[in-house]
Amino acid sequence: MNDREKLQKYLKSHFILSKTLPSYRTIQKYMQYKSVNGVTRIMKQLLKEGIIMKDENGVIVPGSLFNIPLKGTIPAGMPIFVDSEQDNSLDLYKYLLNLPNNVFCLSVRGDSMIDAGIFDGDIAYIDPARSARIGDIVAACIDNEWTLKYLAVDDDRRLCLKPANKKYPTLYPQEQLTIGGVLIRAARDY
(Lines give C-alpha, C1' and ligand atoms only; values in the text may rest on other atoms or scores of the structure.)
Protein backbone atom coordinates (compact mmCIF):
# COMPACT_ATOMS: atom_id res chain seq x y z
CA MET A 1 0.00 0.00 0.00
CA ASN A 2 1.48 3.35 -1.00
CA ASP A 3 1.33 6.53 1.12
CA ARG A 4 -1.69 7.90 -0.71
CA GLU A 5 -3.70 4.67 -0.20
CA LYS A 6 -2.61 4.50 3.43
CA LEU A 7 -3.69 8.11 3.97
CA GLN A 8 -7.09 7.61 2.30
CA LYS A 9 -7.74 4.55 4.46
CA TYR A 10 -6.80 6.55 7.56
CA LEU A 11 -9.02 9.49 6.54
CA LYS A 12 -11.99 7.14 6.10
CA SER A 13 -11.57 5.39 9.43
CA HIS A 14 -10.99 8.69 11.28
CA PHE A 15 -14.07 10.24 9.69
CA ILE A 16 -16.28 7.25 10.47
CA LEU A 17 -15.27 7.39 14.13
CA SER A 18 -15.28 11.14 14.70
CA LYS A 19 -17.32 12.63 11.82
CA THR A 20 -14.35 14.92 11.11
CA LEU A 21 -11.13 14.61 9.16
CA PRO A 22 -7.88 14.73 11.15
CA SER A 23 -5.62 17.78 11.28
CA TYR A 24 -2.49 17.92 9.16
CA ARG A 25 -0.39 17.45 12.34
CA THR A 26 -2.37 14.36 13.29
CA ILE A 27 -1.89 12.99 9.78
CA GLN A 28 1.82 13.81 9.96
CA LYS A 29 2.17 11.74 13.14
CA TYR A 30 0.15 8.86 11.72
CA MET A 31 2.12 8.82 8.46
CA GLN A 32 5.40 9.27 10.38
CA TYR A 33 6.49 12.19 8.21
CA LYS A 34 9.24 14.51 9.45
CA SER A 35 7.25 17.60 8.48
CA VAL A 36 3.77 18.65 7.42
CA ASN A 37 5.00 19.29 3.85
CA GLY A 38 4.44 15.67 2.80
CA VAL A 39 0.89 15.79 4.15
CA THR A 40 0.22 19.10 2.40
CA ARG A 41 1.41 17.69 -0.94
CA ILE A 42 -0.89 14.63 -0.78
CA MET A 43 -3.85 16.60 0.61
CA LYS A 44 -3.55 19.18 -2.21
CA GLN A 45 -3.69 16.35 -4.73
CA LEU A 46 -6.74 14.81 -3.00
CA LEU A 47 -8.42 18.25 -3.01
CA LYS A 48 -7.66 18.72 -6.71
CA GLU A 49 -9.19 15.32 -7.52
CA GLY A 50 -12.28 15.98 -5.39
CA ILE A 51 -11.58 13.09 -3.01
CA ILE A 52 -11.72 15.66 -0.22
CA MET A 53 -13.10 19.20 -0.49
CA LYS A 54 -13.59 22.36 1.51
CA ASP A 55 -17.02 23.23 2.83
CA GLU A 56 -18.44 26.78 2.95
CA ASN A 57 -16.36 27.49 6.08
CA GLY A 58 -13.12 26.22 4.54
CA VAL A 59 -13.15 23.02 6.59
CA ILE A 60 -11.88 19.95 4.75
CA VAL A 61 -14.62 17.31 4.41
CA PRO A 62 -15.03 14.10 2.39
CA GLY A 63 -15.71 14.67 -1.29
CA SER A 64 -15.67 11.39 -3.16
CA LEU A 65 -13.62 9.75 -0.37
CA PHE A 66 -16.28 7.13 0.30
CA ASN A 67 -17.23 6.49 -3.32
CA ILE A 68 -16.98 2.98 -4.66
CA PRO A 69 -17.26 2.15 -8.36
CA LEU A 70 -20.78 1.62 -9.67
CA LYS A 71 -20.17 -0.17 -12.94
CA GLY A 72 -23.78 -0.35 -14.10
CA THR A 73 -26.64 -2.75 -13.65
CA ILE A 74 -26.80 -6.50 -13.94
CA PRO A 75 -29.96 -8.42 -14.77
CA ALA A 76 -31.14 -11.11 -12.43
CA GLY A 77 -33.42 -12.54 -15.11
CA MET A 78 -32.32 -13.45 -18.62
CA PRO A 79 -28.64 -12.78 -19.36
CA ILE A 80 -27.86 -9.71 -21.47
CA PHE A 81 -24.69 -7.88 -22.49
CA VAL A 82 -23.54 -5.50 -19.75
CA ASP A 83 -21.59 -2.38 -20.69
CA SER A 84 -18.57 -2.54 -18.40
CA GLU A 85 -17.28 0.82 -19.62
CA GLN A 86 -19.81 2.76 -17.58
CA ASP A 87 -17.89 4.62 -14.89
CA ASN A 88 -20.04 6.01 -12.13
CA SER A 89 -19.60 5.68 -8.43
CA LEU A 90 -21.76 5.16 -5.38
CA ASP A 91 -21.05 7.47 -2.46
CA LEU A 92 -20.86 4.99 0.38
CA TYR A 93 -20.92 7.80 2.94
CA LYS A 94 -24.23 9.16 1.66
CA TYR A 95 -25.64 5.67 1.12
CA LEU A 96 -24.67 3.97 4.35
CA LEU A 97 -22.61 6.05 6.71
CA ASN A 98 -24.43 9.39 6.64
CA LEU A 99 -27.28 8.17 8.78
CA PRO A 100 -29.09 10.15 11.50
CA ASN A 101 -27.31 9.91 14.84
CA ASN A 102 -30.07 7.95 16.54
CA VAL A 103 -30.26 5.16 13.93
CA PHE A 104 -29.65 1.70 15.33
CA CYS A 105 -29.19 -1.72 13.75
CA LEU A 106 -30.89 -5.02 14.38
CA SER A 107 -29.83 -8.42 13.13
CA VAL A 108 -32.80 -10.05 11.42
CA ARG A 109 -33.71 -13.54 12.59
CA GLY A 110 -36.27 -15.56 10.67
CA ASP A 111 -37.91 -15.53 7.25
CA SER A 112 -41.19 -13.66 7.74
CA MET A 113 -40.01 -10.74 5.55
CA ILE A 114 -38.40 -12.61 2.66
CA ASP A 115 -40.90 -11.35 0.07
CA ALA A 116 -39.77 -7.82 1.00
CA GLY A 117 -36.17 -8.87 0.29
CA ILE A 118 -35.20 -9.08 3.97
CA PHE A 119 -33.59 -12.39 4.92
CA ASP A 120 -32.36 -14.18 8.02
CA GLY A 121 -29.03 -12.63 9.05
CA ASP A 122 -29.58 -9.29 7.29
CA ILE A 123 -28.88 -6.09 9.19
CA ALA A 124 -31.89 -3.78 9.53
CA TYR A 125 -31.19 -0.05 9.97
CA ILE A 126 -33.97 1.46 12.08
CA ASP A 127 -34.74 5.17 12.51
CA PRO A 128 -36.63 5.64 15.78
CA ALA A 129 -37.32 9.32 15.03
CA ARG A 130 -39.13 8.71 11.73
CA SER A 131 -42.93 8.71 12.02
CA ALA A 132 -44.33 5.36 10.95
CA ARG A 133 -46.94 5.36 8.21
CA ILE A 134 -49.16 2.58 6.98
CA GLY A 135 -47.11 0.48 4.57
CA ASP A 136 -43.77 1.15 6.29
CA ILE A 137 -41.68 -1.74 7.55
CA VAL A 138 -41.30 -1.16 11.27
CA ALA A 139 -39.55 -2.58 14.29
CA ALA A 140 -42.52 -2.98 16.61
CA CYS A 141 -43.25 -4.38 20.03
CA ILE A 142 -46.56 -6.23 19.97
CA ASP A 143 -47.76 -7.55 23.33
CA ASN A 144 -44.20 -7.42 24.75
CA GLU A 145 -42.50 -9.17 21.79
CA TRP A 146 -40.42 -7.41 19.14
CA THR A 147 -40.76 -8.08 15.43
CA LEU A 148 -40.02 -6.57 12.02
CA LYS A 149 -43.18 -6.31 9.88
CA TYR A 150 -45.25 -4.03 7.65
CA LEU A 151 -47.45 -1.61 9.57
CA ALA A 152 -50.95 -2.08 8.17
CA VAL A 153 -54.65 -1.52 8.72
CA ASP A 154 -57.13 -4.31 7.99
CA ASP A 155 -60.58 -3.99 6.41
CA ASP A 156 -62.10 -3.23 9.83
CA ARG A 157 -59.59 -0.34 10.27
CA ARG A 158 -57.68 -2.24 12.97
CA LEU A 159 -53.97 -1.61 13.22
CA CYS A 160 -51.92 -4.74 12.55
CA LEU A 161 -48.50 -6.03 11.54
CA LYS A 162 -48.24 -7.94 8.27
CA PRO A 163 -45.44 -10.31 7.33
CA ALA A 164 -43.95 -10.52 3.85
CA ASN A 165 -44.24 -14.31 3.73
CA LYS A 166 -47.53 -16.15 3.24
CA LYS A 167 -46.47 -18.79 5.78
CA TYR A 168 -46.99 -16.30 8.62
CA PRO A 169 -50.19 -14.76 10.00
CA THR A 170 -51.04 -11.08 10.33
CA LEU A 171 -50.45 -10.00 13.92
CA TYR A 172 -53.05 -8.05 15.90
CA PRO A 173 -52.21 -6.53 19.27
CA GLN A 174 -54.16 -7.99 22.18
CA GLU A 175 -52.93 -5.37 24.63
CA GLN A 176 -50.27 -3.11 23.21
CA LEU A 177 -48.49 -2.12 19.99
CA THR A 178 -45.43 0.15 20.19
CA ILE A 179 -43.48 1.25 17.13
CA GLY A 180 -39.75 1.35 17.89
CA GLY A 181 -38.75 2.79 14.54
CA VAL A 182 -39.00 2.61 10.77
CA LEU A 183 -36.74 0.50 8.57
CA ILE A 184 -34.64 2.80 6.39
CA ARG A 185 -32.21 0.26 4.96
CA ALA A 186 -31.28 -3.40 5.08
CA ALA A 187 -27.83 -4.83 4.34
CA ARG A 188 -26.50 -8.32 3.77
CA ASP A 189 -23.10 -9.98 3.63
CA TYR A 190 -22.49 -12.85 1.24
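Computed from a predicted structure; not experimentally measured. (Residues numbered from 1 in each chain as written. Predicted model: local features only at pLDDT ≥ 70, side-chain atom pairs only at ≥ 80, totals over all residues. Heavy atoms only, no water.)

**Student:** Give me the lowdown on the side chain of aspartate 136, citing residues and values where you can.
**Tutor:** Within the secondary structure layout, aspartate 136 lies in the loop between strand 6 (123-127) and strand 7 (137-142). Buried aspartate 136, no salt bridge; nearest opposite-charge side chain is arginine 133, N-O distance 4.4 Å. (Helix = DSSP H or I, 4+ residues; strand = E, 2+ residues; numbered from the N terminus. Buried < 20%, exposed > 50% of the residue type's maximum accessible area, 1.4 Å probe, protein only. Lys, Arg positive; Asp, Glu negative; His and termini not counted. Salt bridge = Lys/Arg side-chain N within 4 Å of Asp/Glu carboxyl O.)

**Student:** Tell me about helix 1 (residues 3-18), and name the residues and values.
**Tutor:** Counted at 1.5 Å a residue, the expected span for helix 1 with its 16 residues is 22 Å, and the 22 Å between its end C-alpha atoms agrees. All buried positions along helix 1 are accounted for by Leu7, Gln8, Tyr10, Leu11 and Phe15. With its buried residues spanning 165° around the axis, helix 1 presents them on a single face. Every exposed residue of helix 1 that faces more than 90 degrees away from the buried side is listed here: Lys9 and Leu17. (Expected span 1.5 Å × (residues − 1). Arc of directions from axis to C-beta.)

**Student:** I'd like a rundown of the packing of helix 2 (residues 24-31) against helix 3 (residues 37-49), residues and numbers included.
**Tutor:** In contact at an axis separation of 9 Å, helix 2 and helix 3 are set at 110° when each is read in the N-to-C sense. One element, helix 2, and the other, helix 3, form an angle in the roughly perpendicular class. Counting all contacts with helix 2, which are made through Tyr24, Ile27 and Gln28, the residues of helix 3 involved are Val39, Thr40 and Met43. Looking at side-chain class alone, the contact of helix 2 with helix 3 contains 4 nonpolar, 2 polar and no charged residues. (Axes fitted to C-alpha atoms, helices over the stretch in contact; angles between N-to-C directions. Parallel < 35°, antiparallel > 145°, perpendicular 65-115°, else oblique. Contact = heavy atoms within 4.5 Å. Nonpolar A, V, L, I, M, F, W, Y, C, P; charged D, E, K, R; others polar.)

**Student:** Break down the side chain of aspartate 154 for me, citing the residues and quoting the values.
**Tutor:** On the secondary structure map, aspartate 154 appears in the loop between strand 8 (145-153) and strand 9 (159-162). For aspartate 154, the side chain forms a polar contact with the main-chain nitrogen of aspartate 156, separated by 2.9 Å. A distance of 2.8 Å separates a polar side-chain atom of aspartate 154 from the backbone nitrogen of arginine 158. Once residues lying within four places of it in the same chain are set aside, the contact partners of aspartate 154 are Cys160 and Tyr172. (Polar contact = N/O pair within 3.5 Å; in protein donor to acceptor, adjacent residues only side chain to side chain.)

**Student:** Give me the packing of helix 1 against helix 3: which residues, what numbers.
**Tutor:** Relative orientation of the contacting elements helix 1 and helix 3 amounts to 75°, with a least axis distance of 11 Å. Comparing the axis directions of helix 1 and helix 3 gives the class roughly perpendicular. When helix 1 is examined against helix 3, the residues Asp3, Arg4, Leu7, Gln8 and Leu11 are found in contact with a partner set consisting of Ile42, Met43, Gln45, Leu46 and Glu49. Classifying every residue of the contact of helix 1 with helix 3 gives 5 nonpolar, 2 polar and 3 charged.

**Student:** Please provide a residue-by-residue account of the pattern of salt bridges, values included.
**Tutor:** For the structure on display, the rule yields 4 salt bridges. For glutamate 49, the salt bridge identified is with arginine 4, shortest N-O distance 2.3 Å. Here glutamate 49 is found in helix 3, whereas its partner arginine 4 is found in helix 1, with 45 residues between them in sequence. For glutamate 49, a relative accessible area of 39% corresponds to the partly exposed category. The partner of lysine 167 in a salt bridge is aspartate 111, with the nearest N and O atoms 3.2 Å apart. A residue pair is termed long-range when its members are at least 10 positions apart, and lysine 167 in the loop between strand 9 and strand 10 (177-187) and aspartate 111 in the loop between strand 5 (104-107) and strand 6 qualify at 56 residues. When its relative accessible area of 60% is taken as the criterion, lysine 167 is described as exposed.

**Student:** Please set out the sheet that holds strand 10 residue by residue, giving values where relevant.
**Tutor:** Within the open sheet, the 6 strands sit side by side as 5-6-10-7-8-9. Their pairing is antiparallel. The two strands at the open ends of the sheet, each matched to only one other strand, are strand 5 and strand 9. Going across the sheet, the axis of each strand differs from the next one's by a mean of 50°, ignoring polarity. Pairing analysis gives 4 bridges linking strand 5 to strand 6, with the strands arranged antiparallel. Each bridged residue has a counterpart across the sheet, and for leucine 106 the counterpart in strand 6 is alanine 124. (Pairing = 2+ DSSP bridges.)

Interpretation in functional terms is not warranted from these geometric data alone.
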